[in-house]
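Commentary on secondary and tertiary structure
Below, each chain spelled out in residue letters.
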Amino acid sequence: MNTLNVRRLHLVPALFLLFIAAAIVPQTSQAETQKLVLVAGKPSHPPRMHEFNAGVQLLANSLKDVEDLDVEVVLNGWPKDEAVFENADAVVFYMDGGGRHEIVQEEGRRLKMIDEWAKNGVGLGFMHYGVEVLTDQAGEEMKRWIGGHYEHQFSCNPIWEPTFAVFPDHPVTSGVQPFQANDEWYFNMRFLSGMAGNEAKEIDGVQFQPILLAKPSDDVRDGPYVYPRGPYDHIQASAGRAEAMMWVVERPDGGRGFGFTGGHFHDNWGIEDYRKVVLNALVWTAKGNVPEDGIQSTVSEEQLDQNLDPKKPRKKK
């Protein structure tokens, strides 16, 4: 056997071993792309309020430069083609809630579908009216998925202008500076295990973290609320307590979730830090990377006017 052939025989098993090693080592050089689905509800309320369709499109546009994030937008309620949900890392609902919530339709079929997503680690988010469900319809599910929900006449919904000045150390607060926003900020949510929701806690494996906290004044607690007008004795009894108006969870199934009670007035998306904390939450819930300075975006007056639902002007009283 000549020398050349010996070298070739030694080379073949060496190449084979290199091939096997390459096959079993994760290809870390190629980043995984996360898929985020934003579902907007049907038109609701007077102009520039509950502008779900315009809101999700604005948020999607604000995320267009985020690397390794694929954003799908669903307009006007539950999609006719549910294939949009396939391989989603997170699904976020911005829509009307209560007894007509999109997630409770079809005699529980949709609830069961979403519950299966959650069991498989899919992130879930609910914004503004979308955080409200009837307790006997989806209360337990919402507490499992995102840690809490709005409960009629237990929670309240005044229009007020809190100042958010102190933030926890969390990816969702990255780059967020103190801000104020006049909105229909719900509070006194029905949280896991009856907790107030203004402190970080672990309950049954769920890591709960409040994100936006503020103390309503006595006047805010006294109402009037949007509906029913109030005041409610139990809301007044908690005077001086900080309330959570945005929170996040990490679930034992590996999924993440968040609730955001603002989002009533469309023009608030023009406030940089208001928008940033939500954009951060969207990316984080989909298990994307939130930069140290948060998700950067700009929104012009022209952009705020785009994609608004055709609505009749509000009647003057």
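Residues numbered from 1 in each chain as written. Predicted model: local features only at pLDDT ≥ 70, side-chain atom pairs only at ≥ 80, totals over all residues. Heavy atoms only, no water.

**What to know about the packing of helix H3 (residues 109–119) against helix H4 (residues 135–146)**
Where H3 contacts H4, the axes come no closer than 11 Å and their chain directions differ by 15 degrees. What the angle tells us is that H3 and H4 run roughly parallel. Of the two elements, H3 crosses H4, and the hand of that crossing is left-handed. Each of Leu111, Ile114, Asp115 and Ala118 in H3 lies in contact with H4, whose residues at this interface are Gln137, Ala138, Glu141, Arg144 and Trp145. Of the residues assigned to the contact of H3 with H4, the class counts are five nonpolar, one polar and three charged. (Axes fitted to C-alpha atoms, helices over the stretch in contact; angles between N-to-C directions. Helix = DSSP H or I, 4+ residues; strand = E, 2+ residues; numbered from the N terminus. Parallel < 35°, antiparallel > 145°, perpendicular 65-115°, else oblique. Left-handed = near helix turned anticlockwise from the far one by under 90°. Contact = heavy atoms within 4.5 Å. Nonpolar A, V, L, I, M, F, W, Y, C, P; charged D, E, K, R; others polar.)

**Digging into the pairing of strand S12 (residues 206–214)**
Where burial is concerned, most of S12 is hidden: seven out of the nine residues are buried. Relative to S12, strand S11 (residues 201–203) runs antiparallel, the two sharing three bridges. Along S12, the bridge assignment pairs Lys201 with Phe208. Note that S12 and strand S13 (residues 243–250) share seven bridges and pair antiparallel. Looking across to S13, one finds that Ala214 is bridged to Glu243. (Buried < 20%, exposed > 50% of the residue type's maximum accessible area, 1.4 Å probe, protein only. Pairing = 2+ DSSP bridges.)

**Concerning the confidence of the model for the protein chain**
For any part of a model where pLDDT is low, the fine detail of the predicted coordinates should not be relied upon. Scored by pLDDT, the protein chain comes out at a mean of 91, with 90% of its residues at no less than 70. Highest mean pLDDT in the protein chain belongs to strand S3 (residues 90–94) (99); lowest belongs to helix H1 (residues 3–24) (37). Counting interchain partners and residues more than four positions distant, the pLDDT-below-50 stretch residues 1–30 has three contacts. (pLDDT = per-residue confidence, 0-100.)

**With respect to the packing of aromatic side chains**
Counted by the stated rule, this structure contains 20 aromatic pairs. Judged by centre distance (5.3 Å) and plane angle (55 degrees), the ring pair of Trp78 and Phe85 falls under tilted. With a relative accessible area of 7%, Phe85 lands in the buried category. A centroid spacing of 5.6 Å and a plane angle of 85 degrees characterise the contact between Trp185 and Phe260, whose relative ring orientation is edge-to-face. Of this pair, Trp185 sits in the loop between strand S9 (183–184) and strand S10 (190–191) while Phe260 sits in strand S14 (residues 256–260), placing them 75 residues apart in sequence. The residues Trp185 and Phe260 share a single accessibility class, namely buried. Through successive ring pairs, a cluster of aromatic residues spans Phe52, Tyr94, Phe164, Phe179, Trp185, Phe260, Trp269 and Tyr274. Above the plane of the ring of Phe154 lies Arg190, whose end atom (NZ or CZ) is 3.6 Å from the centre. (Phe/Tyr/Trp six-rings, centres within 6.5 Å; stacked < 30°, edge-to-face > 60°. Lys NZ or Arg CZ within 6 Å of the ring centre and 35° of its normal.)

**A word on the environment of Asp273**
Position of Asp273 among the secondary structure elements: in helix H7 (residues 272–285). On the basis of relative accessibility, which here comes to 13%, the residue Asp273 falls in the buried class. On a C-alpha basis, the gap between Asp273 and Val176 in space is 5.5 Å, while along the polypeptide they are 97 residues apart. Those residues in contact with Asp273, other than ones at most four positions away along the chain, are Gly175, Val176, Gln177, Pro178 and Phe179.

**Notes on H4**
Its twelve residues give H4 an end-to-end C-alpha distance of only 14 Å, which falls more than 12% under 16 Å, the value for a rise of 1.5 Å per residue. For H4, every residue scored as buried is listed here: Ala138, Gly139, Glu141, Met142, Lys143, Trp145 and Ile146. Residues of H4 that are buried in the fold lie against H3, strand S4 (123–127), strand S5 (148–149), S10, S13 and S14. With its phi angle positive at about 95 degrees, Gly147 sits one or two positions after the end of H4. (Expected span 1.5 Å × (residues − 1).)

**Overview of the pattern of salt bridges**
Per the counting criterion, the structure on display carries 15 salt bridges. Glu140 is the partner of Lys143 in a salt bridge, and the nearest nitrogen-oxygen pair spans 3.2 Å. One end of the pair is Lys143 and the other is Glu140, both in helix H4 and three residues apart, which spans about a single turn. By relative accessible area, Lys143 is classed as buried at 16%. Residue classification places Glu140 among the partly exposed residues on the basis of a relative accessible area of 47%. Arg241 is paired through a salt bridge with Glu243; the nearest N and O atoms lie 3.2 Å apart. (Salt bridge = Lys/Arg side-chain N within 4 Å of Asp/Glu carboxyl O.)

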